[in-house]
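The chain contents come next:
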Amino acid sequence: MKPATIVSNKIKRLFGWMGLICLLLIIPVKAVRWIAWIDQSFVISTIVGIAPSLLGPVGLLFLILSSSSPRLTRLTLFQTTLLVGAIAIGLEFVQLIPRPGILAKVHYTFDWFDVAATLFSICVGYLVARLLIYFKG
C-alpha cells in the first residue's frame, strides 16, 4: 500500500473534507440525544446512540490521511488505520474509569454496541480510503 506521501493532493483534500463532514455530523446526532420528548423506537435510539462511534473514528482516519505532517505521511494506510483504531477503542474503554470530583456527575455510557460500531467504522473507513487511493490516487 502506498505511504501517504505518494497519495495525490486531490485525494488528500477529499479525505480532509470527508473527515470534517463526518466529525461535524456528530453535533446534530448529539443534539438529537438531548431532545427527550421524542418517543423513539429501539432501532432509532440505538442508531442515535452509536452514531458518534460510527462517525468519529472514520472522521479521524480521514483527517489523519489528509495530514501533511512528516511523521504521519510516512505511515501506510494500514498503519494509520491501526493508530486510529487504538485511539478510538482506547477512548471507548476510558469511559469505564471512575472520574474524580465534578466530572463524576457527567454521564458517560459504555456500551459494547459502541465498541462494535467503532470497529465497523474503522474497517469501512479503511476500505473506502483504500479504494479511493487505488482508483483515484
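This text follows the structure it describes.
Residue positions are given per chain, counting from 1 as you read along its sequence in written order. Only residues with pLDDT of 70 or above have their local features reported here, since the model is predicted, and side-chain atom pairs are shown and tallied only from 80 upward, although totals for entire chains, interfaces and linings are computed over all residues. Hydrogens and water are ignored here; the side-chain numbers use all heavy atoms of the structure.

1. Focus: the overall build of the protein chain
Under the scheme used here, helices are H or I runs from DSSP no shorter than 4 residues and strands are E runs no shorter than 2 residues, and both carry numbers assigned from the N terminus. Looking only at helices and strands, the protein chain features 6 helices and 0 strands. Secondary structure of the protein chain in N-to-C order comes out as α-α-α-α-α-α. Each residue gets one of three labels from its accessible area relative to the maximum for its type: buried under 20%, exposed over 50%, partly exposed in between, using a 1.4 Å probe on protein chains only. Classification of the 137 residues of the protein chain by burial places 33% in the buried group. Exposure was quantified through the Shrake-Rupley algorithm and a 1.4 Å probe, taking into account, for residues, occlusion by the shown protein chains and nothing else. Summing over all exposed atoms, the protein chain offers an accessible surface of approximately 9,000 Å²; the carbon and sulfur share of this is 73%.

2. So, the packing of aromatic side chains
Centres within 6.5 Å make a pair out of two Phe, Tyr or Trp rings, where for Trp the six-membered ring is used; the pair is then stacked when the planes are under 30 degrees apart, edge-to-face when over 60, and tilted otherwise. In the structure shown here, the tally under the stated rule is 4 aromatic pairs. Ring geometry for Phe78 versus Tyr126: centroids 6.2 Å apart, planes at 80 degrees, classification edge-to-face. Of the two residues, Phe78 is situated in helix α5 (residues 77-94) and Tyr126 in helix α6 (residues 112-136); the sequence distance between them amounts to 48 residues. Phe78 sits in the partly exposed class, given a relative accessible area of 47%.

3. Section: the nonpolar core
Nine residue types can take part in a nonpolar core, namely buried Ala, Val, Leu, Ile, Met, Phe, Trp, Tyr and Cys, and a core is a set of them joined through side-chain atoms within 4.5 Å. The biggest cluster of nonpolar side chains holds 15 residues, and the ones touching the most others in it are Ile11, Phe15, Phe62, Leu65, Leu77, Ala129 and Ile133. Counting only elements with at least two residues in this core, the list comes to α1 (9-24), α3 (42-65), α5 and α6. Top contributing element to this core by residue count: α3, with 5 residues.

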